[in-house]
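For reference, the chains in residue letters:
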Amino acid sequence: MKVLVINCGSSSIKFQLLEMETEQLLVKGQIERIGMDGSRLKLQGKQEYVIEVKHTIPDHRTGIQLLLDSLTDTNYGVIDSLSEIDCIGHRVVHGGEKFTEAVVITDEVIKTISSCIMIAPLHNPVNLEGIKICLELFPQVVQVAVFDTAFHQTLPETAYLYGLPYELYIKYGIRRYGFHGISHQYVTNTLAQKMGRPLEELKIITCHLGNGASVDAVKYGRSIDTSMGFTPLEGLIMGTRSGEIDPAIIPFIMEQEDMTGKQVYRYLNSKSGILGLSGLSSDFRDLESAARFGDTRAQLAIDVFAYQVKKYIGSYVVSMGGLDAIVFTAGLGENSPYMRAKICDGLEVIGAKIDLRKNEIRGEDAQVNKDDSDVELWTILTNEELMIARETKRLFEQYG
Ligand code: ADP
């Protein structure tokens, strides 16, 4: 059974085709710079070959057509005919309070995703566009929406309500939603398998540390608190995002820097975080090497980030009433022994002892705690596309 996974962003489309009997990746690729100069298709197949095709891609429809053509291309295609695709899984960023798990896409589902546009204006419109194009092209194929927010719909009111007038929650749905849910869920499931224990017994903290970063408290398989909020701007300081700040700072900047609310919002999203603090880069690799050469602001940005992750870990231990394991995932979590060690420095107080020798790994699933650590420490490679494909297959078999 073959599942096509599609993740539409504002100027990009990421995709994977998987053979789900064996969960084997047949091909993955990315359309980049849609509507801009230098748009292209990049493909990576089974044998690690990479193909790059420059192409004029004015819009998402052209992009999707191009990616479909690449699947059956006579030179580098991986299937003979598009009829081999059994179902399609779409990543959707915001499911609001309506979707607590993945769903088969119907007219009703499309209406409900559209109703979430008010709270996810940057992401949901483009996710919907991808869905509509694929429904037109594949009217007979089961298509599934998998949401970034759904995993966090188990948060209790005490964790998701803000200290705002309750009417704003009722009227506009202003509350904590949380994001990266597909990743947090995937690494949680993988960890339970690796530990050889049922998820229903485990208290886990998952740290998804990439350009966007969030920490999640997963108690007995259910997300009970998470650092991102109403939007993915809240929580940890990130590559270019500020993370949480005192809200009073916003009108202060507006006045002092003569900016509009929208300008400050963009500033907090794209000029802040470790980029803003370091004045150097949003990429932790750059900061780590600059810090090694004595750049104090790069070091400061790293230290602030590590401290914030540590603070969330501490508070979630209390929220869950204990802790069995911490997982590090995504670009930084999977690849930076330095950052993992920095975050874990001091966690002995909660029974978590990192083994610095075992921690010297990159890009693999591994247990990195000392033998006498009460809390297990793991790096697990996230695979959001595989999670989407699994959910798509599950729903296809249930309702297809
Ligand atoms: P996203 O999907 O949110 O764009 P990723 O999960 O791909 O992000 O993570 C990208 C980030 O991971 C990079 O910006 C970089 O800071 C960090 N990263 C990747 N590899 C390394 C590494 N070897 N050492 C340190 N940081 C790394």
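As a reminder, the structure under discussion sits directly above these lines.
Per chain, residue numbering runs from 1 following the sequence as it is written. Selection of residues for local features in this predicted model requires a pLDDT of at least 70, selection of side-chain atom pairs for listing and counting requires 80 or more, and totals for whole chains, interfaces and linings are taken over all residues. Calculated side-chain values reflect all of the structure's heavy atoms, with hydrogen atoms and water omitted.

1. Side note on the pairing of strand 3 (residues 24-32)
Two strands make a pair as long as DSSP finds a minimum of two bridges between them. Each helix is a run of H or I in the DSSP string that is no shorter than four residues. Each strand is a run of E no shorter than two, and both are numbered from the N terminus. When strand 2 (residues 13-19) meets strand 3, the two strands line up antiparallel, connected through seven bridges. Each bridged residue has a counterpart across the sheet, and for Phe15 the counterpart in strand 3 is Gly29. Two strands pair when backbone bridges link them, and strand 3 and strand 4 (residues 40-45) are joined in this way by six bridges, in the antiparallel orientation. Residue pairing in the sheet places Ile31 in a bridge with Leu41 of strand 4.

2. Topic: the packing of helix 2 (residues 107-115) against helix 3 (residues 124-137)
Two numbers describe how helix 2 lies on helix 3: the axes approach to 9 Å, and their chain directions differ by 160°. Judged on the interaxial angle alone, helix 3 and helix 2 are roughly antiparallel. The hand of the helix 2/helix 3 crossing is left-handed. Contacts between helix 2 and helix 3 involve Ile110, Ile113 and Ser114 on the former and, on the latter, Asn124, Leu128, Ile131, Lys132 and Leu135. For this scheme, ten residues count as nonpolar: Ala, Val, Leu, Ile, Met, Phe, Trp, Tyr, Cys and Pro. Four count as charged, namely Asp, Glu, Lys and Arg, and the remainder, Gly too, count as polar. Considering only residue class, the contact of helix 2 with helix 3 consists of five nonpolar, two polar and one charged. Helix axes are fitted to C-alpha atoms over the stretch in contact, other axes to C-alpha atoms as well, and angles between N-to-C directions run from 0 to 180 degrees. Here is the rule for angles: anything less than 35 degrees is roughly parallel, anything more than 145 is roughly antiparallel, 65 through 115 is roughly perpendicular, and the remaining ranges are oblique. By definition, turning the near helix anticlockwise from the far helix through less than a right angle yields a left-handed crossing, and turning it clockwise yields a right-handed one. When checking whether two residues touch, look at their non-hydrogen atoms; a contact exists if any pair is within 4.5 Å.

3. Here's the deal with the nonpolar core
Core analysis: the biggest nonpolar cluster contains 44 residues, and Ile205, Cys207, Leu209, Phe305, Val309, Ile313 and Ile326 have the highest contact counts within it. Elements with a minimum of two residues in this core: strand 9 (203-209), strand 10 (213-219), helix 10 (284-292), helix 11 (296-320), strand 12 (325-329) and helix 13 (337-344). The greatest single-element share of this core, amounting to 11 residues, is contributed by helix 11. If we ignore the near neighbours within four places in the chain, the residues touching Val309 are Cys207, Leu209, Val215, Leu236 and Ile343. Residues belong to a common nonpolar core when they are buried Ala, Val, Leu, Ile, Met, Phe, Trp, Tyr or Cys residues joined through side-chain atoms within 4.5 Å. Exposure classes here rest on a 1.4 Å probe applied to the protein chains alone. A residue is buried below 20% of its type maximum, exposed above 50%, and partly exposed in between.

4. Things to note about the state of the cysteines
The bond known as a disulfide is covalent and runs between the sulfur atoms of two cysteines. Any two cysteine sulfur atoms within 2.5 Å of one another count as a disulfide. Applying the stated criterion across every chain, the model contains zero disulfides. Free cysteine: Cys8, not disulfide-bonded; nearest cysteine sulfur from Cys134 at 6.9 Å. Look at Cys8 and you get buried, because its relative accessible area is 5%. For Cys344, which is in no disulfide, the shortest distance to another cysteine sulfur is to Cys207 and amounts to 8.1 Å. Residue class for Cys344 comes out buried when judged on its relative accessible area of 0%.

5. Quick notes on the site of the ligand
We call a residue near a molecule or strand when any one of its heavy atoms sits within 4 Å of it. The ligand sits among Gly210, Asn211, Gly212, Asp283, Phe284, Arg285, Glu288, Ala330, Gly331, Leu332, Asn335 and Ser336. As used in this structure description, the phrase polar contact means that two N or O atoms lie within 3.5 Å; if the pair is within protein, one of them must be able to donate a hydrogen and the other to accept it, and residues adjacent in sequence are counted only when both atoms belong to side chains. The separation between an oxygen atom of the ligand and a polar side-chain atom of Asn211 is 3.0 Å. Here an oxygen atom of the ligand sits 2.9 Å away from a polar atom, N or O, in the main chain of Gly331. With residues, only the protein chains shown are counted as cover, and all accessible areas are computed by Shrake-Rupley using a 1.4 Å probe. Out of a free accessible area of 580 Å², the ligand has 71% covered by protein chains. Mapped by element, the contributors of at least two residues to the shell around the ligand are helix 10 and helix 12 (330-335). No other element matches helix 12, which puts four residues into the shell around the ligand.

6. Digging into the packing of aromatic side chains
Pairing of aromatic rings covers Phe, Tyr and Trp, the last counted by its six-membered ring, and requires centre-to-centre distances within 6.5 Å; plane angles under 30 degrees mean stacked, over 60 mean edge-to-face, and any other angle means tilted. Here the structure, examined in full by the defined rule, presents six aromatic pairs. When the centroid spacing of 5.8 Å and the interplanar angle of 50° are considered together, the rings of Tyr160 and Tyr169 count as tilted. Like Tyr160, the residue Tyr169 is buried in the burial classification. Their ring planes at 40° and their centres at 6.3 Å tell us that Tyr177 and Phe230 sit as a pair that is tilted. Within this pair, whereas Tyr177 is found in the loop between helix 5 (166-172) and helix 6 (181-195), its partner Phe230 is found in the loop between strand 11 (222-226) and helix 7 (249-256), the two being separated by 53 residues in sequence. Looking at Tyr177, the relative accessible area reads 2%, which means it is buried.

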